[in-house]
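Structural overview
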Amino acid sequence: MSEPTSRTEARKKATDIKKKQSESLAGLPPNTLHISLYIRSDPPLPNDFHWAFYLHKGTSSTPGGTKYHARGIGGGWIAGHETTTGIFTENFLCVMIQIATIPPSAHDRVDEIMRSYDESLNSIPGITCRVWMLTVLRTLVDGGFVRCDIGELEKDCSELGNEHSTTASANEQPRPVVKSRISF
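Residues numbered from 1 in each chain as written. Predicted model: local features only at pLDDT ≥ 70, side-chain atom pairs only at ≥ 80, totals over all residues. Heavy atoms only, no water.

Here we take up the overall build of the protein chain. In terms of helices and strands, the protein chain carries four helices and six strands. From first element to last, N terminus to C terminus, the protein chain shows the α and β order α-β-β-β-β-β-α-α-α-β. A globule of 184 residues ought to have a C-alpha radius of gyration of about 16 Å, and the protein chain, at 17 Å, matches this closely. Taken along the three principal axes of its C-alpha coordinates, the protein chain extends 60 × 40 × 30 Å. In the protein chain, which comprises 184 residues, the proportion classed as buried is 43%. Of the roughly 9500 Å² of accessible surface on the protein chain, a fraction of 51% belongs to carbon and sulfur atoms. Computed over 20 positive and 21 negative side-chain charges, the separation of the two mean positions in the protein chain equals 5 Å. (Helix = DSSP H or I, 4+ residues; strand = E, 2+ residues; numbered from the N terminus. Rg over C-alpha atoms; globule rule 2.2 N^0.38 Å. Buried < 20%, exposed > 50% of the residue type's maximum accessible area, 1.4 Å probe, protein only. Areas by Shrake-Rupley, 256 points an atom, 1.4 Å probe, with all protein chains shown as cover. Lys, Arg positive; Asp, Glu negative; His and termini not counted. Charge placed at Lys NZ, Arg CZ, Asp CG, Glu CD.)

Glancing now at helix α4 (residues 150–169). In this model, α4 (20 residues) spans 27 Å end to end at C-alpha, consistent with the 28 Å of a helix rising 1.5 Å per residue. At Glu163, α4 shows its largest bend, some 40 degrees. Restricting attention to buried positions, one finds in α4 the residues Ile150, Leu153, Asp156, Cys157, Ser158, Leu160, Gly161, His164, Ser165 and Ala168. Elements in contact with the buried residues of α4: β1 (32–39), β2 (49–56), β5 (93–101), α3 (129–142) and β6 (177–179). The opening residue of α4 is Asp149, an N-cap whose side-chain oxygen sits 3.1 Å from the backbone nitrogen of Gly151. A positive backbone phi angle near 55 degrees is found at Asn171, which sits one or two residues after α4. (Expected span 1.5 Å × (residues − 1). Bend = angle between axes of the 7 residues up to and from the residue. Contact = heavy atoms within 4.5 Å. Polar contact = N/O pair within 3.5 Å; in protein donor to acceptor, adjacent residues only side chain to side chain.)

For the rest of this paragraph, the subject is α3. Between its first and last C-alpha atoms α3 spans 20 Å; for 14 residues at 1.5 Å apiece the expected length is 20 Å, and the two agree. If you check which residues of α3 are buried, you get Cys129, Val131, Trp132, Met133, Leu134, Val136, Leu137, Leu140 and Val141. Phi for Gly144, located one or two positions after α3, is positive at around 80 degrees.

Further remarks concern the sheet that holds β2. Strand order in the open sheet made by the six strands is β4-β3-β2-β1-β5-β6, with mixed pairing throughout. The sheet is open, and its two borders are formed by β4 (76–84) and β6, each paired with just one other strand. Strand after strand, the sheet turns through a mean of 25 degrees between neighbouring axes, direction not considered. Taken together, the eight bridges between β1 and β2 define a ladder with antiparallel strand orientation. Bridge pairing in β2 links Thr32 to His56. Together, β1, β2, β3 (65–73), β4 and β5 form the strand contacts of α3, whose direction differs from that of β2 by roughly 35 degrees. The sheet strands contacting α4 are β1, β2, β5 and β6, and the helix crosses β5 at an angle near 145 degrees. (Pairing = 2+ DSSP bridges. Axes fitted to C-alpha atoms, helices over the stretch in contact; angles between N-to-C directions.)

One pass over the full model with this rule turns up one aromatic pair. Ring geometry for Phe53 versus Trp132: centroids 5.8 Å apart, planes at 70 degrees, classification edge-to-face. Of this pair, Phe53 sits in strand β2 while Trp132 sits in helix α3, and the two are 79 residues apart along the sequence. Judged on exposure class, the residue Phe53 and its partner Trp132 are both buried. (Phe/Tyr/Trp six-rings, centres within 6.5 Å; stacked < 30°, edge-to-face > 60°.)

Where α3 meets α4, the axes come as close as 11 Å, and the angle between the chain directions of the two elements is 135 degrees. Our classification of the angle between α3 and α4 gives oblique. Crossing hand, α3 versus α4: right-handed. In contact with Arg130, Leu134, Leu137, Arg138 and Val141 of α3, α4 contributes Ile150, Leu153 and Glu154. Broken down by class, the residue content of the contact of α3 with α4 amounts to five nonpolar, no polar and three charged. (Parallel < 35°, antiparallel > 145°, perpendicular 65-115°, else oblique. Left-handed = near helix turned anticlockwise from the far one by under 90°. Nonpolar A, V, L, I, M, F, W, Y, C, P; charged D, E, K, R; others polar.)

The following block contains the structure:
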């Protein structure tokens, strides 16, 4: 195959992937809260994920939403919350798991809850991204924003991540969006 042909095919493939990712974002129901899992190794290891929340606002004036997570940096942990219109373009995204619908009137309160441990992350016993997520999830459940058994939801998410980790490792696009079998 000649080099110009392979470059043309590579550009077409990249364009197709971007289109699929954009369609996935547009297809997310507005005002939905997700747990997003990211693989951490290739080949992926069972139950080894980076855990984050993603609140999809998805309006025509505000496409996308906010990703909330905790990251280990050096010997400590920092909060990493950012508005994004590219959740599906993120490296190592494994699966998005919808866990709740959050009405627009509650977005500010949910944002406060997501940020409520930002100044004290390193005082959470056994802090990891998963432990932070479970800590915040407890507050969301107590506030009535998410309805689930937290242990069962964690298990469901891990199982869904394990089911999709091989295709994430192969970078198959678009990445899947599923509803939790536990919450709602």
